[in-house]
Amino acid sequence: MAPGTPEIGVSETYLEWICDLPWGKYTTDNLDLKRARRILDEDHYGMKQVKERVIEYLAVQRMKQINSGDSALKGPILCFVGPPGVGKTSIVKGIAKAVGRKFVQMSLGGVRDEAEIRGHRRTYVGAIPGRILSAMKQAGTMNPVFLFDEIDKMGNDFRGDPASAMLEVLDGEQNMAFRDHYLEMPFDLSQVMFITTANSMSTIPAPLLDRMEIIEVSSYTEEEKLQIAKRHLLAKETLAHGLEKGSVKIPESALKRIIEDYTREAGVRTLTRTIASVVRKAAVEMLDNNLAQITVTKEKVQKYLGAPRFLRDLPEKEPRVGIVNGLAYTTVGGEMLAVECAVLPGSGALSLTGKLGDVMKESAQAALSWVRVHAEAYGLEPDFYKKSDIHIHVPEGAVPKDGPSAGVTMATALISALTQRPVRQDVAMTGEITLRGRVLPIGGLKEKTLAAYRAGIHTLIIPKENKKDLEDVPAKVLDTFDVVCAEQIGDVLAKALMEKQE
Ligand code: ADP
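Residues numbered from 1 in each chain as written. Predicted model: local features only at pLDDT ≥ 70, side-chain atom pairs only at ≥ 80, totals over all residues. Heavy atoms only, no water.

Q: Help me understand the side chain of Asp180, please; the structure alone is not making it clear to me.
A: On the secondary structure map, Asp180 appears in the loop between strand S4 (178–179) and strand S5 (186–187). Among buried Asp, Glu, Lys and Arg side chains, Asp180 stands out as unpaired, with Arg118 the closest opposite charge at 7.4 Å. One polar contact links the side chain of Asp180 to the main-chain amide nitrogen of Gly130, over a distance of 3.0 Å. Look past the residues within four positions of Asp180 in its chain and what remains in contact with it is Ile117, Arg118, Gly119, Pro129, Gly130 and Leu133. (Helix = DSSP H or I, 4+ residues; strand = E, 2+ residues; numbered from the N terminus. Buried < 20%, exposed > 50% of the residue type's maximum accessible area, 1.4 Å probe, protein only. Lys, Arg positive; Asp, Glu negative; His and termini not counted. Salt bridge = Lys/Arg side-chain N within 4 Å of Asp/Glu carboxyl O. Polar contact = N/O pair within 3.5 Å; in protein donor to acceptor, adjacent residues only side chain to side chain. Contact = heavy atoms within 4.5 Å.)

Below you can see the structure in the form of structure tokens.
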């Protein structure tokens, strides 16, 4: 080439990229199950289902190795679904450590352009390979554990659909010859152990979902959080802040206070941060007073962190007309939401406010229709709706809410507002409602139950078909409730409504 042509730089970068890729470099897997179990348990409390699945995976590989001498780790792509901060990312790092593979991570949140995954053609100025190959270069081996974070947050627009590029990456039949637009030669991804994470299953593109095995990682109870804080977080934060292990002691009672009064979340992220700030304050006090050790008592927690940030919102004790406690499942775990209903003189309009999604609005319509059909049974005039406007509001108006599971809650609020019969406020409920008044099962029962527990609810009304899901709820939590399994909306009303007070 003539010196000085721009082509030189382009070709040089291209050749450098080719040389930098880890062609033919592999790490040997360590398939010792005992060791893997130990490593997984070391860093993570609980997460039984995830750990078991990983061990199964390794066992299968081990068998393959013994029986056919083939050590290729092929199998379904695992997808860990759960709220933020429950340890999805960090357990994947643990898996890499347990198997003895390199670990690389790529966040798919906000990726809209296919070229981010598959690269730009070399004809473009400034073309580079996609992020998959960049990650492989960083891993330095052909068989790392490759984590795709937030696969549910991938977008798509006119620049192409990254989901279809991901299909090629994740499909075991195709990915032995993955083609990057820049590299223009097949690259073998078949030995990579791909694991993905997501906050919710509903927004994962269907063809991708089809190729993955979903493992749900649920949110933690307060007891579990306490154990995580005691066994892992405190030691980790103490070391991270340059203090000696064990020099900051936080007794259980103080940890409990931190969890209850300063955090409200499904995972343990805020808890980790809060413990970090306690440790920092403790470090200052240790230096100021020349101490080698410090015990952070319950009282000190308040001194360090200020006034409690969350007060347990105990339910109102008195039964109220038109207000019902519903349970919602959001991406950050379960939450108790009040549904309010008011009946005003008017001409039959139904208004729904509180930033409700379409499904939730339809569910309100269904609830209203059911009430209209059964008006007489509840002592209402058959044409009550002609003379009144109905307003259903779900407070915390700025938070978007959707899903069918507030159906029974809205129906109960409606009946209560129309008949002026008060609703017990120590009752919380969840369930979808059909036009004929059947109560259908809902998702996220464990999270919802935990939310009700945190809110100090005594009676929990759930759909009958969800009874089996109660197994996932810790017995300690369950024992505090009177659980009612409803088949018909009538069962719900019978439990939640009181007689009209004169
Ligand atoms: P996610 O990926 O689910 O959003 P992360 O993996 O980032 O959550 O976890 C946040 C933090 O919480 C990490 O520092 C992790 O070590 C800690 N953590 C979460 N769950 C556990 C657990 N079961 N045991 C120990 N630490 C945990």
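Q: What is the right way to read the layout of surface pockets from this model?
A: If a probe as big as a water molecule is rolled over the atoms, it shows which places are left empty. A volume near 720 Å³ is recorded for the second largest pocket. Taken together, 31 residues make up the lining of the second largest pocket; nearest its centre are Gly85, Gly87, Ser90, Lys236 and Val268. Put simply, the parts of the chain that give the lining of the second largest pocket at least two residues each are helix H4 (88–99), strand S6 (193–198), helix H9 (222–240) and helix H11 (269–288). It is H9 that contributes the most residues to the lining of the second largest pocket, 8 residues altogether. (1 Å grid on protein atoms, 1.4 Å probe; cavity = no way out; pocket = protein on both sides within 12 Å on 5 of 7 lines; lining within 4 Å. Points joined across faces, edges and corners; volume = space filled by probe spheres on them.)

Q: What should I look at first to understand the environment of Pro84 in this one?
A: Tracing the backbone through its elements, the reader meets Pro84 in the loop between strand S1 (77–81) and H4. Overall, the relative accessible area of 32% leaves Pro84 in the partly exposed class. Taking C-alpha positions, Pro84 is 25 Å from Ala475, a pair spaced 391 residues apart along the chain.

Q: Explain the packing of helix H10 (residues 252–262) against helix H12 (residues 298–305) here, please?
A: Pairs of packed helices are described in terms of their axes, by the angle between the two and the distance that separates them. Here H10 crosses H12 at 40°, and the two axes come no closer than 8 Å. Relative to H12, the element H10 lies oblique. Seen from above, H10 lies across H12 with right-handed handedness. Here Ser253, Ala254, Arg257, Ile258 and Tyr262 of H10 lie close against H12, whose contacting residues are Lys298, Val301, Gln302 and Leu305. In the contact of H10 with H12, the residues fall into 5 nonpolar, 2 polar and 2 charged. (Axes fitted to C-alpha atoms, helices over the stretch in contact; angles between N-to-C directions. Parallel < 35°, antiparallel > 145°, perpendicular 65-115°, else oblique. Left-handed = near helix turned anticlockwise from the far one by under 90°. Nonpolar A, V, L, I, M, F, W, Y, C, P; charged D, E, K, R; others polar.)

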